[in-house]
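# Secondary and tertiary structure notes
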Protein chains: 2
Amino acid sequence: MNAPMSIQSCGNCGLASMCLPLALTQPEMTQLDGIIKKSTPYRRGESIFRQGDAFTSIYAVRAGMVKTTLVNARGEEQITGFYFPGELLGLNGLHENIYAGTAIALETVSLCEIPYTKLDELSALLPELRRQLMRQMSQEISDEQNMMLVLAKTSAEEKLGNFLIRLSHRFKRLGFSATQFRLTMSRVDIGNYLGLAVETVSRTLTKLQQRGVIKVEGKEVTILDMSGLSCLNGTCEEPAKVLSVG
Amino acid sequence: MNAPMSIQSCGNCGLASMCLPLALTQPEMTQLDGIIKKSTPYRRGESIFRQGDAFTSIYAVRAGMVKTTLVNARGEEQITGFYFPGELLGLNGLHENIYAGTAIALETVSLCEIPYTKLDELSALLPELRRQLMRQMSQEISDEQNMMLVLAKTSAEEKLGNFLIRLSHRFKRLGFSATQFRLTMSRVDIGNYLGLAVETVSRTLTKLQQRGVIKVEGKEVTILDMSGLSCLNGTCEEPAKVLSVG
DNA sequence: GGTAAACATTGATTTAGATCAACAATTGGA
DNA sequence: TCCAATTGTTGATCTAAATCAATGTTTACC
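Below you will find a few notes about this structure. (Residues numbered from 1 in each chain as written. Chains lettered and ligands numbered in written order. Predicted model: local features only at pLDDT ≥ 70, side-chain atom pairs only at ≥ 80, totals over all residues. Heavy atoms only, no water.)

Attention now goes to the sheet that holds strand 4 (residues 66-71) of chain B. Within a sheet, each strand pairs with its neighbour through backbone hydrogen bonds, oriented either parallel or antiparallel. Residues and elements named next belong to chain B. Strands sit in the order 2-7-4-5 across an open sheet of 4 strands; the sheet is antiparallel. The open sheet has two free edges, formed respectively by strand 2 (47-49) and strand 5 (77-83), since each of these has just one partner strand. Shown here is a sheet whose adjacent strand axes are inclined to one another by a mean of 30°, direction ignored. Summarising the sheet, strand 4 and strand 5 pair through 6 bridges and their orientation is antiparallel. Each residue of the ladder has a partner; that of K67, found in strand 5, is F82. Its contacts with the sheet place helix 5 (residues 187-194) against strand 4 and strand 5, and it is angled at close to 105° to strand 5. (Pairing = 2+ DSSP bridges. Helix = DSSP H or I, 4+ residues; strand = E, 2+ residues; numbered from the N terminus. Axes fitted to C-alpha atoms, helices over the stretch in contact; angles between N-to-C directions. Contact = heavy atoms within 4.5 Å.)

Right, let's talk about the relation of the copies chain B and chain A for a bit. Aligned on chain A, chain B shows an RMSD of 0.0 Å; the corresponding rotation is 180° and the shift along the axis is 0.0 Å. Taken together, the turn and the small shift mark the pair as related by a two-fold rotation axis. With an isologous cut-off of 70% or more, the 98% of interface residues of chain B that recur at the interface of chain A puts this contact in the isologous class. (Least-squares fit on C-alpha atoms with pLDDT ≥ 70 in both.)

Turning to its location among the elements, E77 of chain B is positioned in strand 5. Residue classification places E77 of chain B among the partly exposed positions, given a relative accessible area of 35%. Distance in space between the C-alpha atoms of E77 of chain B and Y193 of chain B is 9.6 Å, their sequence separation being 116 residues. Every residue in contact with E77 of chain B, bar those within four places of it in the chain, is listed here: K153 of chain A together with T69, L70, V71 and N192 of chain B. Within the local environment of E77 of chain B, its side chain forms a polar contact with the side chain of T69 of chain B, the two groups lying 3.3 Å apart. (Buried < 20%, exposed > 50% of the residue type's maximum accessible area, 1.4 Å probe, protein only. Polar contact = N/O pair within 3.5 Å; in protein donor to acceptor, adjacent residues only side chain to side chain.)

Moving on, we come to the packing of helix 4 (residues 156-173) of chain A against helix 6 (residues 198-210) of chain A. Residues and elements named next belong to chain A. Running from N to C, helix 4 and helix 6 cross one another at 75°; their axes reach a closest spacing of 10 Å. With respect to helix 6, the axis of helix 4 lies roughly perpendicular. Mapping the contact onto sequence places A156, E157, L160 and L164 in helix 4 and T200, V201, T204, L205, K207 and L208 in helix 6. Of the residues assigned to the contact of helix 4 with helix 6, the class counts are 6 nonpolar, 2 polar and 2 charged. (Parallel < 35°, antiparallel > 145°, perpendicular 65-115°, else oblique. Nonpolar A, V, L, I, M, F, W, Y, C, P; charged D, E, K, R; others polar.)

Although it is not a glycine, N97 of chain A adopts a positive phi angle of roughly 55°. With respect to the helices and strands, the residue N97 of chain A is situated in the loop between strand 6 (88-89) and strand 7 (102-105).

Working definition: two side chains of opposite charge can pair if their charged atoms are close together. Residues and elements named next belong to chain A. Per the counting criterion, the structure on display carries 16 salt bridges over all chains. R173 is the salt-bridge partner of E87, the closest N and O atoms lying 3.1 Å from each other. With E87 in the loop between strand 5 (77-83) and strand 6 and R173 in helix 4, this residue pair connects regions lying 86 residues apart in the sequence. You can call R173 exposed: its relative accessible area is 53%. A salt bridge links E157 to K207; its shortest N-O distance comes to 3.5 Å. Of this pair, E157 sits in helix 4 while K207 sits in helix 6, and the two are 50 residues apart along the sequence. One salt-bridge network, in which partners are shared between bridges, spans E87, R170 and R173. (Salt bridge = Lys/Arg side-chain N within 4 Å of Asp/Glu carboxyl O.)

Assignment of secondary structure puts N146 of chain B in helix 3 (residues 127-153). By relative accessible area, N146 of chain B is classed as partly exposed at 23%. If near-sequence neighbours (up to four positions away) are discounted, N146 of chain B is found in contact with L70 of chain A together with N162 and R166 of chain B.

Attention now moves to the interface of chain B and chain A. Counting residues at the interface gives 50 residues for chain B, matched by 49 residues for chain A. A per-residue breakdown of the area chain B buries against chain A is headed by M134, Q145 and M148 of chain B, which together make up 16% of the total. For the pair chain B and chain A, the number of links is 2 salt bridges. Of the charged contacts, one joins E158 of chain B and R74 of chain A as a salt bridge, the two residues approaching to 2.3 Å between their closest N and O atoms. The tally of links from chain B across to chain A stands at 18 residue pairs in polar contact (both at pLDDT 80 or more). Elements that contribute at least two residues to the side of chain B that touches chain A include exactly strand 4, strand 5, helix 2 (119-125), helix 3, helix 5 and helix 7 (226-233) of chain B. Among the elements that line the side of chain B that touches chain A, the one with the most residues is helix 3 of chain B, at 20 residues. (Buried area = accessible area lost by both parts, 1.4 Å probe.)

Taken together, the neighbourhood of DNA strand D is formed by 17 residues, with A156 and T200 of chain A together with S202, R203 and T206 of chain B sitting nearest. Taken together, the sugar and phosphate atoms account for 60% of what DNA strand D places within 4 Å of the protein. Backbone polar atom of A197 of chain A to a phosphate oxygen of DNA strand D: 3.2 Å apart, as the coordinates give it. At a separation of 2.3 Å, a phosphate oxygen of DNA strand D approaches a polar side-chain atom of T200 of chain A. Mapped by element, the contributors of at least two residues to the surface near DNA strand D are helix 6 of chain A together with helix 5 and helix 6 (198-210) of chain B. Sort the elements by how many residues they give to the surface near DNA strand D and helix 6 of chain B lands first, with 4 residues. Residue composition of the surface near DNA strand D, grouped by class: 4 nonpolar, 6 polar and 7 charged. (Near = heavy atom within 4 Å.)

Here it is, written out as structure tokens:
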């Protein structure tokens, strides 16, 4: 090992999180090309894989946003996540060789496809990769446990506050503005994800806007008072309690 | 490779799911002993690790039941899972080397402790282990996504039906009765986990009992009509709709 | 560029489950 | 074996958010 290990963007798929070319040699790079496939872009509404399909590959999002959904026996459908460039899809297919959910493009989406059968080969090539994969799964477990908390314990306002803040973080990480971004998903999708009716999503966004915390213009959102939002989220110091005196 | 690979119970910790002694040689077994630690039992209420602690080990439950919880900045606490013998704790500590939740013994609990630093060593010894670990994480992701669906989309009755059925499956897998078992956790814990008030848990159990679907005697539960419960869960065929005629 | 479909907002009404309150049943320690 | 503490049940009331309903707005496709 010559250079200090660093996680950087991969030329092949443009991803910081998935691809870890730790000063790869040229032949190694060439090998990589043969393993990671660039698949043709998916269009809005197209599914990348469907619940119950044979598990063949995991996917790293290159560009565009993806949602994943889970349907139960009674036909109720839950959006289980929104995936941004740099994030991995299909991690929960490993335990029974079947995709445990459906992934759908919310806009035009590019992906890196990593065939599961090649994962060992790839890991041998990039020893750090498997560990990185474990970290990502670990992260996903944490995120979903946090989501359980949000779904079970918080009000509509807190849910939306939390949602917007997490979106903000992810846009920031991608190098975009943390305070002004576009909601790629519909209000229905937001409601479904947060366990709220569409009408409640609408009303709550309006309420937050009236309070001056955010500005909403259709799908465009501006966060005007980040700490105001954070407070909803509980991630800021409790504002000094104003006790009514005498 | 001589014998066909099979996942069987590990003499060291009695676990089918975690330990994979694929016809190990004696020296290998000896090595294992040095890596997997049997820790002293934890008593009811004791914590195995706490949210924010430095991540050192993952744990496999040998005996007894464990709950894990997550606390957010505002102090709201959510039970994120109940862990049975054979299941793994601490899988979501990997991504930032900090435990992302707290694990608490619900009764006297025995564990196998697997120091994270030994995981590579162990994986080299048992090549199947790392894959098994990935499968377990994958399973946990799926379980939590299912939980998101339950929390966001189902009624109190459905939540409890789903809860009891999942408990039933796990007792069955452990070789115990699938229709009669003890609720190790309190009603408060059940409510917290399912996003319900205690009172609602109590009332709903009573209602299910009155309907003859279950029998409840304190912590002892008997499932009298499994398909009745499954219907709540949506995992059975829709019962023929009785249309009122004329 | 027009029109149907999909998506979003706002208001009125209903409801499932939370909260408040009182009491009963277990549990565990002296 | 008793008593305090914890845990569980049941009833009455309240409320946040769902549902129902009507209308406005954007999108995408002939």
